Structure formats: C-alpha cells, structure tokens
2 protein chains.
Amino acid sequence: MTKASNASTEPSSTIADRIFDQMRQAIVEGGIPAGSKISEPVLAARYGISRGPLREALRRLESIKLVERRANVGARVIQLNSDQLLEIYDVREALEGMAARIAAERMPEGAIEELKALLAHHRGDIARDDWQTYFQEEGDLDFHFRIVQGGGNRRLVDILCNDLYHLARMYRCQFGMRSERARDALKEHELVVDAIAARDGELAEWLMRRHIRASREAIARRLVP
Amino acid sequence: MTKASNASTEPSSTIADRIFDQMRQAIVEGGIPAGSKISEPVLAARYGISRGPLREALRRLESIKLVERRANVGARVIQLNSDQLLEIYDVREALEGMAARIAAERMPEGAIEELKALLAHHRGDIARDDWQTYFQEEGDLDFHFRIVQGGGNRRLVDILCNDLYHLARMYRCQFGMRSERARDALKEHELVVDAIAARDGELAEWLMRRHIRASREAIARRLVP
DNA sequence: ATCCGCAGCATTGTCGACAATCAGGATTGA
DNA sequence: TCAATCCTGATTGTCGACAATGCTGCGGAT
C-alpha cells in the first residue's frame, strides 16, 4: 500500500472523478495501451456512463499529460519516447532538489523518523535479495513522495505527485524496470536522509540532484545501448 | 505584445477553448475578482453559451490552479495569499535555474542574439525612467519566457508558461507591482545572458536562482513589512 | 433564547439527442 | 496511372432537460 496513490481515500462522489481515477490507473499500468486512440462512445459504453463525465475525465487526463487531444479529432494515450522521459528527469532533478532543501529546513522530526524507518525496511528487502518487492511496491517513489510532502510546499507536491510520478510509474510498468541500481539507489537515499536529519539543506539538495541524475544516466544508458 | 500570451495565435476552433482563454485573461487581470464564486448558469448566460463548454473551461482553469472546485458545491476563483506566492517562487527558482542551465547548453546562437537585443531594449526603457512601460509590457516575464523556451524542454515550458507565469501576472495585476527593483533585475538579467552566451550552464543556473531568490525576498519584504 | 430538524430552493452533476467537423475511400478527369 | 475532388461514415462539439446534492431559512422543541 503505497502512499503515492492517495486518491482513493476520497469517496469520489462524482462519476467523472471516479472514471478519471480508473482511467489514470489503467493508462499507467498498461490496461489501456500507450498510443491507442480513445473513442468517446465506446469508452463511455465500456464504463457504463454517458459521454459528459467521460469528457471531463479526459480533460483532466489531458491536463496531467497522460492523453493528448486535438480538436475535432479525438484523444490518444500518450506514447512516451526517450526524449520526453529524459526531459522529465531534468524537471525532477530541479524540483526534488528544491524539495530536499525545503524538507531539510522544515520537515517535522517525526516525519524524519518515519523516513528512517522506511529506509530500514527497504534495506531489509534488498538484503534478502528481494528486489522485486522493493520495486513492485514502489518503495522508491514512496521515498521521494515523503520527502516532497515533508517540506509542505503544496505546489511542489502537486506537480510531482499528480503529474510526474504517474509518468515515472508508467515508464516502469511499460518497460519493466530492472533493479540493478537498487543497491546504489538505497545508499543514495540514506545519504539524503542523513543530510535532512542534519538540517543541511544545501547538502540535501546536492545529494538529491546527484541521485536523480544518476537514475537519469542509468535510464539513458539502457535506452540507447 | 508579449510572447507570453501566445494562445491567441490559434483560431481556438472550439468554444470551450475560447472561453478558457477569455476567462483566464479575465481572472489574471482582475475582470473576475479573486475569491469570487462562479455560478455556471450566470456565466454561461453572460458568455452566451451553454453549460457544457463552460464546464470544460472550468476544468481546465482548475487544472492550472486558477479556480478551485468542490464537488456538488461549485467553483471559486483562487485567492492568492502570501504563502502560496512564496511557494511559487521556490518552484520558479528550481525550475528556471534548470532552464537557464539547459539554455546555456542547447540554446541556438540566433535566439541568444535576440535575447541580447531584448535586453538592450529594456536597458533603453529604464534609462528613460520608463519603468511603467517595462513592466506594463511584461518585459520581465518575456525575458524569462524566452530562456525557458530556449532550452527546448517541453515539460519545463509547459509548467512555467502555462501555470506559474499566469499566477505571477495575476499577482502583479492585483497588487500593482512597483518597480524599484527594475534596475537591479535588469543587471541580473544581463549576467544570466552573459553566462548563457558563454555556454556556462553551471553559472547560468546559479545566477538565475539568485535572481529569482532576490525577487522573492523583495516580495517577502513588501508583504510583511 | 438557542439549538435541532425539515422543507424549499438553487446549483451542480448527468444524460440523450442534434449539429458541425474531420478522416478515408471511391470516383472522375487529365 | 496519378492526382484532385467529392461523398460518406463516423466521431467530436454543443445544447437543453432531468435528476441528485448541498445550502438556507423557518418552525418547533428544550
């Protein structure tokens, strides 16, 4: 149960919101194939709703860049290519670096303790060569999620958790992220947490940026071998 | 004529898009007061359209955080308080710093020349004590806009130009930005451009971040005197 | 006098139908 | 044979009406 999927906590009172959540999950996890065309009537029939709420859900999916729409033509699920993926990592480097700095300045002590406990849990997973669990449960994104939330900058939280992390998950579900970097990543995570616990914002930012840059390089290396 | 308002170049074939543009401008410039409640029937009547396209426009305005919606209650224009404004500047510092770094690495020479010409124009404005023109034409945002676009990272362009810059304009229109910082800002702009022209990405990022941080401090000083 | 419950009203959410627009294929002319 | 054109089919955009939900004011009970 990852904290990153916190949208299900609300009762989703309106149909459009519920369809939005369902479609987002389906797109991220591959249930709706990337690049496929979306026909409003058939999707409305599949979900058993009218076109009105479906269109609103599509608008929201468009706003988080999971589908592309052209007027009078229709909507397609995005097809993430390598360039866009690397662009996302540039944005993440900048944003999460700032998030780590703010977290070092303002994250409550209790949240830092929870973060340490989470890392201890991850350490146990990796020691048991349990990589699959680690990445399948998206412990990595959970770690990043908590740091971003720890600083309390709502706009930062919004951009990262509502937009970019879904793309990251989509990439992992689609290309089947192998986890040879899990051990290094965990080590980098620990350094970041140490800097945050020491309230060293500048170091936390530097370490987080280096960590994300390393992930980016690992992906770039796998993308164009 | 600022490049930042490039949405009017398209014919806006669909009504919802046109209404979205109109309402965005009205909210940013104060035509629709901040914090006011939005009634779908009265607004639809005012614009002479049905509620369908209006609702889609509202969804898009919600996605760029210009209006807030609650299910079964309605939509309100956002009320920007000082905390959120400072949060935006933190995000801008991170994002535009990265943008300056990328611009230094990849911006075409021609675009750099145009940037220099723009700064020369601004220098002339300020030398004539023509501050009002400088800020009224939003030369500042135009400068930032060009640098963000120069790097070619589409996601960076999207976040900054479609979300954050509108908020910045809204703040200026609402609180009447005085321009005692215009002279300093211009000097900082010139340093950034010099670093980009020298292809020094690290320096460009550092200068841009310091520039935005200085703007943030100036605002914070005026906010709680 | 204050608080709770209820009814009425206004607003939002949802639906089905109509009009406008675009994509693709058949047709015709050079 | 190739290209341009028109037509057809389907899909999207828009509209008005109905249903569901939340807010507001009043009446009554404590």
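So, how was this worked out
Position numbers for residues count from 1 along each chain, tracking the sequence in the order it is written. Just so you know, chain letters begin at A and ligand numbers begin at 1, following the order they were written in. In keeping with the predicted nature of the model, local features appear solely for residues at pLDDT of at least 70, side-chain atom pairs appear and are counted solely at 80 or more, and the whole-chain, interface and lining totals rest on all residues. Computation of side-chain values covers all heavy atoms of the structure but excludes hydrogens and water. Pairs were defined over the aromatic rings of Phe, Tyr and Trp, the Trp ring being its six-membered one, requiring ring centres within 6.5 Å. Orientation was assigned from the angle between planes: stacked under 30 degrees, edge-to-face over 60, tilted for the rest. In this scheme, Lys NZ or Arg CZ marks a charge over a ring once it lies within 6 Å of the ring centre and within 35 degrees of the ring normal. Here a strand is any run of E in DSSP of at least two residues, a helix any run of H or I of at least four, and the numbering for each starts at the N terminus. Multiplying 1.5 Å by the helix residue count minus one yields the expected span of that helix. Whether a residue is buried, partly exposed or exposed follows from its accessible area with a 1.4 Å probe, protein chains only, as a fraction of its type maximum: under 20%, in between, or over 50%, in that order. Using a grid of 1 Å spacing that covers the protein atoms alone, one calls a set of points a cavity when a 1.4 Å probe fits there but cannot get out, and a pocket when the set is open and has protein on both sides within 12 Å along at least five of seven lines; lining residues are those with an atom within 4 Å of a point. Grid points are joined across faces, edges and corners, and a volume is the space filled by probe spheres set on the points. Nonpolar residues are Ala, Val, Leu, Ile, Met, Phe, Trp, Tyr, Cys and Pro. Charged residues are Asp, Glu, Lys and Arg, and all others, Gly as well, are polar. Any carboxyl oxygen of Asp or Glu that lies within 4 Å of a side-chain nitrogen of Lys or Arg is treated as forming a salt bridge with it. UniProt positions are given in the numbering used here, feature names are shortened, and annotations may be inferred rather than shown by experiment. In this description, strands pair whenever DSSP reports at least two bridges between them.

### Quick look at the packing of aromatic side chains
Residues and elements named next belong to chain A. Applying the stated criterion across every chain, the model contains zero aromatic pairs over all chains. It is Arg-60 that lies over the ring of Phe-20; its NZ or CZ is 4.0 Å from the centre. The positively charged end of Arg-92 is found above the aromatic ring belonging to Tyr-89, 5.3 Å away from the centroid.

### Regarding helix α9 (residues 182-197) of chain B
Residue and element names in this part refer to chain B. Between its first and last C-alpha, α9 extends 22 Å over 16 residues, near the 22 Å set by a 1.5 Å rise per residue. Within the span of α9, buried status applies to Ala-182, Ala-185, Leu-186, Glu-188, His-189, Glu-190, Val-192, Val-193, Ala-195 and Ile-196. Directly after α9, the chain includes Arg-199, whose backbone phi takes a positive value near 60°.

### A few points about the layout of surface pockets
Approximately 610 Å³ is the volume attributed to the second largest pocket. In this structure, the second largest pocket is lined by 22 residues; those nearest its centre are Arg209(A), Arg213(A), Arg101(B), Glu202(B) and Glu205(B). Elements supplying a minimum of two residues to the lining of the second largest pocket: α4 (82-106) and α10 (201-223) of chain A together with α4 (82-106) and α10 (201-223) of chain B. Here the element with the most residues in the lining of the second largest pocket is α10(A); it accounts for eight residues. Classifying every residue of the lining of the second largest pocket by side-chain character gives four nonpolar, no polar and 18 charged.

### Here's the deal with the pattern of salt bridges
Residues and elements named next belong to chain B. Overall, the coordinates contain 54 salt bridges over all chains when judged by the stated rule. Arg-169 is the partner of Glu-29 in a salt bridge, and the nearest nitrogen-oxygen pair spans 3.1 Å. Taken together, the positions of Glu-29 in helix α1 (residues 15-29) and Arg-169 in helix α8 (residues 154-175) put the pair 140 residues apart, joining distant regions of the chain. Owing to a relative accessible area of 42%, Glu-29 belongs among the partly exposed residues under this scheme. For Arg-209, the salt bridge identified is with Glu-93, shortest N-O distance 3.1 Å. On the criterion of sequence distance, the pair formed by Arg-209 in helix α10 and Glu-93 in helix α4 is long-range, its members being 116 residues apart.

### Observations regarding the UniProt feature "domain: HTH gntR-type" (unreviewed entry) in chain A
As recorded in UniProt, the feature "domain: HTH gntR-type" (unreviewed entry) lies at residues 13-80 of chain A. Structurally, residues 13-80 of chain A comprises 53% helix and 15% strand, and the distance from its first C-alpha atom to its last is 31 Å.

### Focus on the pairing of strand β3 (residues 74-77) of chain B
Residue and element names in this part refer to chain B. Of the two faces of β3, only the one carrying Ala-75 and Val-77 is buried; Gly-74 and Arg-76 on the other face are not. For strand β1 (residues 37-38) and β3, the ladder comprises two bridges, and the chain directions are antiparallel. Paired with Lys-37 across the two strands is Arg-76, which belongs to β3. Hairpin geometry of strand β2 (residues 67-70) and β3 is characterised by an intervening segment of three residues between the two adjacent antiparallel strands and by a positive phi of about 65° at Asn-72.

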